[in-house]
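Below, each chain spelled out in residue letters.
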Amino acid sequence: MLLRLFLTFLKIGFFTIGGGYVMIPMIEREVVQRNHWISQDDFLDLMAVAQSAPGVFAINFSIFIGYRLKKIPGALICTLATAIPSIVTILLIAIYFEPVKDNPHIEAVFKGIRPAVIALLLMPTINILRKSELEPATFILPAISAILIVVAGISPTWLIAATAVLGLCRRPDRP
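Residues numbered from 1 in each chain as written. Predicted model: local features only at pLDDT ≥ 70, side-chain atom pairs only at ≥ 80, totals over all residues. Heavy atoms only, no water.

Caption draft 1: Molecular detail of unusual backbone geometry. Within the chain, H36 stands out as a residue other than glycine whose phi angle is a positive 55 degrees. Of note, the phi angle at K71 is positive, near 55 degrees, even though the residue is not glycine. For K71, the location among the structural elements is in helix α4 (residues 57-100). Judged by its relative accessible area of 49%, K71 falls in the partly exposed class. (Helix = DSSP H or I, 4+ residues; strand = E, 2+ residues; numbered from the N terminus. Buried < 20%, exposed > 50% of the residue type's maximum accessible area, 1.4 Å probe, protein only.)

The following block contains the structure:
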C-alpha cells in the first residue's frame, strides 16, 4: 500500500503543472475514483482542512490523505512523493534557466502556457462548486469578501476571522 501511495502521489506531482490547486482533479481521480481510498465527502473535507492549514496546499493535502490511509508512514510517503517533482523541477530551472531566460522562444512558451494554467485552476473550482451543493446565497459572502479585499484593501486575515465567527453564529445545531 505504501508503494502504491508513493507512486500515485509521485505521478500526481509530475503531471500537474500550475500549483497545488491544479492537482485537485488528479488527486480526486486517483484517490476517490480509481483507488477508492476515501469517499467524495472525505475528499472535500480533507481539501477544506488542507486549504485552511498553513503551508503549501498540495503538501498539506498529501499529508492529510496519507495520514488518513496509513497514519504517519502514509503522511511521510505521500508528502515525499508530492515534493520530489517540485524539487527536481526547481533544481533544473535553477541550473538551466539563467542562460535562456531572455530567449524570445522561451518567453513565448511561458505566455502560451498561461491560459492553460488559468483553465487548470478554474476547472477544479467549478467542479468543487458543483459537488458541494451550496445554496446560491452562499456565493454572496465570497463576492463581498473579494470586493472588500480588492477595493477597500481589507486584509484577508480579518475577513477569514470574521467569516469564522459568522459561521459559528450560524451553526445548525444552535437553538
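Caption draft 2: Just helix α5 (residues 104-132), in detail. Relative to the 42 Å expected for 29 residues at 1.5 Å per residue, α5 spans 43 Å between its end C-alpha atoms, a close match to the ideal helical length. Maximal helix bending in α5 amounts to about 25 degrees, located at R114; proline P115 follows within four positions. Taking the backbone nitrogen of H105 as reference, a side-chain oxygen 2.7 Å away marks N103 as the first, capping residue of α5. (Expected span 1.5 Å × (residues − 1). Bend = angle between axes of the 7 residues up to and from the residue. Polar contact = N/O pair within 3.5 Å; in protein donor to acceptor, adjacent residues only side chain to side chain.)

Caption draft 3: Expanded view of the packing of helix α1 (residues 2-14) against helix α2 (residues 24-34). Two elements in contact, α1 and α2, have axes separated by 9 Å at closest approach and are oriented at 155 degrees. On the basis of the axis angle, α1 is roughly antiparallel to α2. Crossing angle aside, the handedness with which α1 passes α2 is right-handed. The segment α1 lies against α2, with T8, F9, K11 and I12 engaging M26, I27, E30, V31 and R34. (Axes fitted to C-alpha atoms, helices over the stretch in contact; angles between N-to-C directions. Parallel < 35°, antiparallel > 145°, perpendicular 65-115°, else oblique. Left-handed = near helix turned anticlockwise from the far one by under 90°. Contact = heavy atoms within 4.5 Å.)

Caption draft 4: Highlighting the nonpolar core. Counting residues in hydrophobic clusters, the biggest one holds 25 residues, and the most contacted among them are F9, I27, I38, F43, F61 and I65. Every element with two or more residues in this core is listed here: α1, α2, α3 (40-52) and α4. Here this core takes seven residues from α4, the largest share from any one element. Not counting residues within four places of it along the chain, the set of residues in contact with F43 comprises I24, I27, E28, V32, I38 and F61. (Core = buried A, V, L, I, M, F, W, Y, C linked by side-chain atoms within 4.5 Å.)

Caption draft 5: Here's a closer look at the environment of Q40. Counting through the fold element by element, Q40 comes out in helix α3. Looking at Q40, the relative accessible area reads 24%, which means it is partly exposed. Placed 25 residues apart in sequence, Q40 and I65 show a C-alpha to C-alpha distance of 12 Å. Apart from the residues lying within four places of it in its own chain, the contact partners of Q40 are E28, V32 and K131. Here E28 takes part through its side chain, which lies 2.9 Å from a polar atom of the side chain of Q40.

Caption draft 6: Spatial organisation of the side chain of E28. In this fold, E28 is placed in helix α2. Among residues more than four places away in sequence, those in contact with E28 are Q33, Q40, F43 and K131.

Caption draft 7: Structural view of the packing of aromatic side chains. Applying the stated rule across the entire model yields two aromatic pairs. Note on F43 and F61: the rings are 5.2 Å apart at their centroids and 50 degrees apart in plane angle, and the pair reads as tilted. Of this pair, F43 sits in helix α3 while F61 sits in helix α4, and the two are 18 residues apart along the sequence. Each member of the pair, F43 together with F61, is buried. Centre to centre, the rings of F57 and F61 are 5.4 Å apart; their planes meet at 35 degrees, and the pair counts as tilted. Taken together, the positions of F57 and F61, both in helix α4 and four residues apart, correspond to about one turn of that helix. Here the aromatic residues F43, F57 and F61 are joined through ring pairs into a cluster of three or more. (Phe/Tyr/Trp six-rings, centres within 6.5 Å; stacked < 30°, edge-to-face > 60°.)

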